[in-house]
Amino acid sequence: MSAPFLKIENLHVSIEGKEILKDFSIEINGGEIHAIMGPNGTGKSTLASAIMGHPKYEITSGSVTMNGEDVLEMEVDERAQAGLFLAMQYPSEISGITNADFLRSAINAGREEGDEISLMKFIRKLDEKMDLLEMDQQFAQRYLNEGFSGGEKKRNEILQLMMLEPKLAILDEIDSGLDIDALKVVSKGVNAMRGSEFGCLIITHYQRLLDYIKPDKVHVMMQGRIVKSGGSELAERLEAEGYDWIKEELGIEDERVNQEA
Ligand SMILES: Nc1ncnc2c1ncn2[C@@H]1O[C@H](COP(=O)(O)OP(=O)(O)OP(=O)(O)O)[C@@H](O)[C@H]1O
């Protein structure tokens, strides 16, 4: 069997001297979609930012490899070129750059000189993906995310995903703030990406999203690491019962209590 698409081993990450990720490990194979759920403040977004190389997050030990290559050795742009993609909880607005220009530059940044996507091919692909995501054509010419509603930003993140066709996507709360119709459309986009050459890590608070995007594995994250893994049934139980039963089962105490002790 080939090496896992994404392999994270014993990762420790600190922010401003405070350790947030504590011995985090996961393996995602090509074609697999994994979901991470967990209470607020357990380090889910920190994980996403650390993998992408955000300078604020200091990796103190552990490894991250993609297809056997050391991701932590790569510059941020090299990580994107290697096929990593992050859809963020709060996508930023960039004035002066249209959505279409941004997408074309991003596609070409991942290609060799002379192998850039032709304008015709780009437009055809953009039209096709925007159709699938039921996006109005005007969004191609609007400045990136500027004035987009929360739901439109999320839909636009999935458009980027479909245009860039990364090997591994991390989707951080792409369901937050989406109405039911938008949730279905966004899920349709992610499902259209499914295939042996695509791995995906979905961070979510709600099982609802996983009704539409069926994960191969569900992981529960607490206090900076995965404490339990299972299938979709795990997400269903979390939705019904919350996290207390896991804390009880595994003897996990709230951190604040630990600090006071
Ligand atoms: N820039 C920062 N400076 C200081 N602390 C930070 C910073 N970024 C994150 N943290 C802290 O790290 C911890 C983990 O935050 P993170 O955003 O990764 O959690 P999360 O699991 O994604 O939470 P949520 O479910 O609420 O989105 C929190 O206690 C947070 O306050």
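Computed from a predicted structure; not experimentally measured. (Residues numbered from 1 in each chain as written. Predicted model: local features only at pLDDT ≥ 70, side-chain atom pairs only at ≥ 80, totals over all residues.)

## Concerning the overall build of the protein
- Helix and strand counts for the protein come out as eleven helices and twelve strands.
- Against the compact-globule benchmark of 18 Å for 261 residues, the protein has a radius of gyration of 19 Å, which places it among compact chains.
- In terms of its C-alpha atoms, the protein occupies a principal-axis envelope of roughly 60 × 40 × 40 Å.
- The buried share among the 261 residues of the protein stands at 36%.
- The contacts of the protein with a sequence gap of at least 6 include a subset with a gap of at least 24, amounting to 72%. (Helix = DSSP H or I, 4+ residues; strand = E, 2+ residues; numbered from the N terminus. Rg over C-alpha atoms; globule rule 2.2 N^0.38 Å. Buried ≥ 20, exposed ≤ 12 C-beta atoms within 10 Å, placed from the backbone. Contact = placed C-beta atoms within 7 Å.)

## Some words on the site of the ligand
- Every residue near the ligand is listed here: I15, E16, I20, G38, N40, G41, T42, G43, K44, S45, T46 and K56.
- Sorting elements by how many residues they give to the shell around the ligand places helix 1 (residues 44–52) first, with three residues.
- Tallied by class, residues from the shell around the ligand come to two nonpolar, seven polar and three charged. (Near = placed C-beta within 6 Å. Nonpolar A, V, L, I, M, F, W, Y, C, P; charged D, E, K, R; others polar.)

## Regarding the sheet that holds strand 4 (residues 57–66)
- Pairing within the open sheet is antiparallel, and its four strands lie in the order 2-1-4-5. Pairing within the sheet leaves two strands with one partner each, and these edge strands are strand 2 (18–28) and strand 5 (69–70). (Pairing = 2+ DSSP bridges.)

## A look at the nonpolar core
- Core analysis: the largest hydrophobic core is formed by 60 residues, its most contacted members being I51, A169, L171, V186, C200 and I202.
- Not counting the four nearest positions on each side in its chain, I51 is found in contact with V64, V71, L84 and I170. (Core = buried A, V, L, I, M, F, W, Y, C linked by C-beta atoms within 7 Å.)

## Here we look at the packing of helix 3 (residues 99–109) against helix 6 (residues 150–164)
- Their axes nearest at 10 Å, the elements helix 3 and helix 6 cross at an angle of 35°. Helix 6 is crossed by helix 3, and the crossing has right-handed handedness. Contacts between helix 3 and helix 6 involve N99, L103, A106 and I107 on the former and, on the latter, N156, Q160, M163 and L164.
- Class assignment of the residues belonging to the contact of helix 3 with helix 6 gives a composition of five nonpolar, three polar and no charged. (Axes fitted to C-alpha atoms, helices over the stretch in contact; angles between N-to-C directions. Left-handed = near helix turned anticlockwise from the far one by under 90°.)

## Here we look at unusual backbone geometry
- Despite not being glycine, E16 has its phi angle at roughly 45°, a positive value.
- Of the residues examined, E16 has 8 C-beta atoms within 10 Å and is grouped as exposed.
- A positive phi angle is found at Q223, which is not glycine, with a value near 50°.
- Tracing the backbone through its elements, the reader meets Q223 in the loop between strand 11 (217–222) and strand 12 (225–230).

## Observations regarding the environment of S229
- For S229, the position within the fold is in strand 12.
- Exposure remark for S229: the 13 C-beta atoms within 10 Å place this residue in the partly exposed category.
- Taking the C-alpha atoms as reference points, S229 and I36, separated by 193 residues in sequence, lie 9.1 Å from one another.

## A closer look at the pairing of strand 2
- Two elements, strand 1 (residues 6–15) and strand 2, share eight bridges in a ladder whose sense is antiparallel. Bridge pairing in strand 2 places K7 opposite E27.
- With antiparallel pairing between neighbouring strands as the criterion, strand 1 and strand 2 make up a hairpin whose turn holds two residues, including E16 at a positive phi of roughly 45°.

## Quick word on the sheet that holds strand 12
- Pairing is mixed across the open sheet formed by six strands, whose spatial order is 6-9-10-3-11-12. Two strands close off the open sheet at either side, each with one partner strand: strand 6 (84–87) and strand 12. Strand-to-strand twist in this sheet, taken as the mean axis angle between neighbours without regard to direction, amounts to 20°.
- Where strand 6 meets strand 9 (residues 168–172), four bridges bridge the pair, whose relative direction is parallel. Counted as the bridge partner of L86 is I170 from strand 9.
- In the packing of helix 9 (residues 232–241) onto the sheet, the strands contacted are strand 3 (33–37), strand 11 and strand 12, and the crossing angle to strand 11 comes to about 45°.

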